[in-house]
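# Breakdown of the fold
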Amino acid sequence: AQSVTQLDSQVPVFEEAPVELRCNYSSSVSVYLFWYVQYPNQGLQLLLKYLSGSTLVKGINGFEAEFNKSQTSFHLRKPSVHISDTAEYFCAVSNSGGYQKVTFGTGTKLQVIP
Amino acid sequence: EAGVAQSPRYKIIEKRQSVAFWCNPISGHATLYWYQQILGQGPKLLIQFQNNGVVDDSQLPKDRFSAERLKGVDSTLKIQPAKLEDSAVYLCASSLDGEGTYNSPLHFGNGTRLTVT
């Protein structure tokens, strides 16, 4: 079984400040990791994904995430946030055997304060 | 490419009534997912299709929920009878994935917001 934990339900941050959204996962097998963003009244959109290779992954809108196998973490970062980054962010894990099964965390609401 | 289409966007029904949601995935996508997203929670997988076959429906409340994927393309999700706790956003997603491939991200529709009164 696999699971994802996002400890922070809400993260307020001032515009142009850096931000880190935390994600920890649990799985008995190798996994693939994803971050999705959800704007109000919309579906989820892929921000970035880690499949293999370099542990630092760059995504859209200036976001990046670092895979840390020893700490089973995949934290999302952005050095300087904009008002338009206000949204809910979901970390997700996918298994590496059988049919793809994607499990989502409970989400972190990022509120950028002007 | 056209995205995942869902309808309706909003639906309000009374408990014990029935409701159906429709999803048209991205053309060529083999896998189709229905997720339930309750306010304040992450999406929870209800059912997953590979072409027109079900590969995972372990979290689908089968006494009231049903889903089908016609000819491996469009899909409908039905609830009958609805309960108050079914109030949620129902998200449809699709991906290119076939068995043995796990790299394709999910593409989501905008969802259907269901309110059961």
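These figures come from a predicted structure and were not determined experimentally.

This part takes up the overall build of chain A. A count of helices and strands for chain A gives zero helices and 12 strands. Helices and strands appear in chain A in the N-to-C order β-β-β-β-β-β-β-β-β-β-β-β. Rg of the C-alpha trace for chain A: 14 Å, near the compact-globule value of 13 Å for 114 residues, within the 12% margin. Seen through its C-alpha atoms, chain A measures out along the principal axes to roughly 45 × 30 × 20 Å. Classification of the 114 residues of chain A by burial places 46% in the buried group. Across chain A, contacts joining residues at least 24 apart in sequence account for 56% of those joining residues at least 6 apart.

Moving on: the interface of chain B and chain A. On the side of chain A, 23 residues touch chain B, which itself brings 27 residues to the contact. The contact between chain B and chain A buries some 2000 Å² in all, and 52% of this surface belongs to carbon and sulfur atoms. Our enumeration of links across chain B and chain A arrives at five residue pairs in polar contact (both at pLDDT 80 or more). It is strand β4 (residues 31-37) of chain B that provides the largest number of residues to the side of chain B that touches chain A, a total of three residues.

Our focus in this paragraph is the state of the cysteines. Per the stated rule, a full pass over the model turns up two disulfides over all chains. Here Cys-23 of chain A pairs with Cys-91 of chain A through a disulfide, and the sulfurs are 2.0 Å apart. What sets the handedness of the Cys-23 of chain A and Cys-91 of chain A disulfide is the S-S torsion sign, and at about -65 degrees it is left-handed. Of the two residues, Cys-23 of chain A is situated in the loop between β3 (19-21) and β4 (24-26) and Cys-91 of chain A in strand β10 (residues 87-95); the sequence distance between them amounts to 68 residues. Taken individually, Cys-23 of chain A and Cys-91 of chain A each receive the classification buried, so the pair is uniform in this respect. Between the sulfur atoms of Cys-23 of chain B and its disulfide partner Cys-92 of chain B the distance amounts to 1.9 Å.

What follows concerns the pattern of salt bridges. Using the criterion set out here, one finds eight salt bridges over all chains in the structure. Ionic pairing is found between Arg-22 of chain A and Asp-8 of chain A, a salt bridge with its closest N-O pair at 2.9 Å. Within this pair, whereas Arg-22 of chain A is found in the loop between β3 and β4, its partner Asp-8 of chain A is found in the loop between β1 (3-5) and β2 (10-14), the two being separated by 14 residues in sequence. Here Asp-57 of chain B makes a salt bridge to Lys-62 of chain B, at a shortest N to O gap of 3.7 Å.

Once that is clear, we can look at the pairing of β4 of chain B. All names here are of chain B. Burial runs high along β4: seven of the seven residues are buried. Every second residue of β4 is oriented toward a common face, with Thr-31, Tyr-33, Tyr-35 and Gln-37 on one face and Leu-32, Trp-34 and Gln-36 on the other, all of them buried. In sequence, β4 turns back onto strand β5 (residues 44-50) through a hairpin of six residues, with Gly-40 there showing a positive phi of about 85 degrees. Taken together, the seven bridges between β4 and strand β9 (residues 88-95) define a ladder with antiparallel strand orientation. Bridging across to β9, Tyr-33 finds its partner in Ala-93.

Bringing the side chain of Lys-78 of chain A into the picture now. Residue and element names in this part refer to chain A. Note on placement: Lys-78 falls in strand β9 (residues 73-78). Judged by relative accessible area, which is 6%, Lys-78 ranks as buried. Not counting residues within four places of it along the chain, the set of residues in contact with Lys-78 comprises Ala-17, Pro-18, Val-19, Asn-61, Gly-62, Phe-63 and Asp-85.

Conventions used here
- Residues numbered from 1 in each chain as written.
- Chains lettered and ligands numbered in written order.
- Predicted model: local features only at pLDDT ≥ 70, side-chain atom pairs only at ≥ 80, totals over all residues.
- Heavy atoms only, no water.
- Helix = DSSP H or I, 4+ residues; strand = E, 2+ residues; numbered from the N terminus.
- Rg over C-alpha atoms; globule rule 2.2 N^0.38 Å.
- Buried < 20%, exposed > 50% of the residue type's maximum accessible area, 1.4 Å probe, protein only.
- Contact = heavy atoms within 4.5 Å.
- Buried area = accessible area lost by both parts, 1.4 Å probe.
- Polar contact = N/O pair within 3.5 Å; in protein donor to acceptor, adjacent residues only side chain to side chain.
- Disulfide = S-S within 2.5 Å.
- Salt bridge = Lys/Arg side-chain N within 4 Å of Asp/Glu carboxyl O.
- Pairing = 2+ DSSP bridges.

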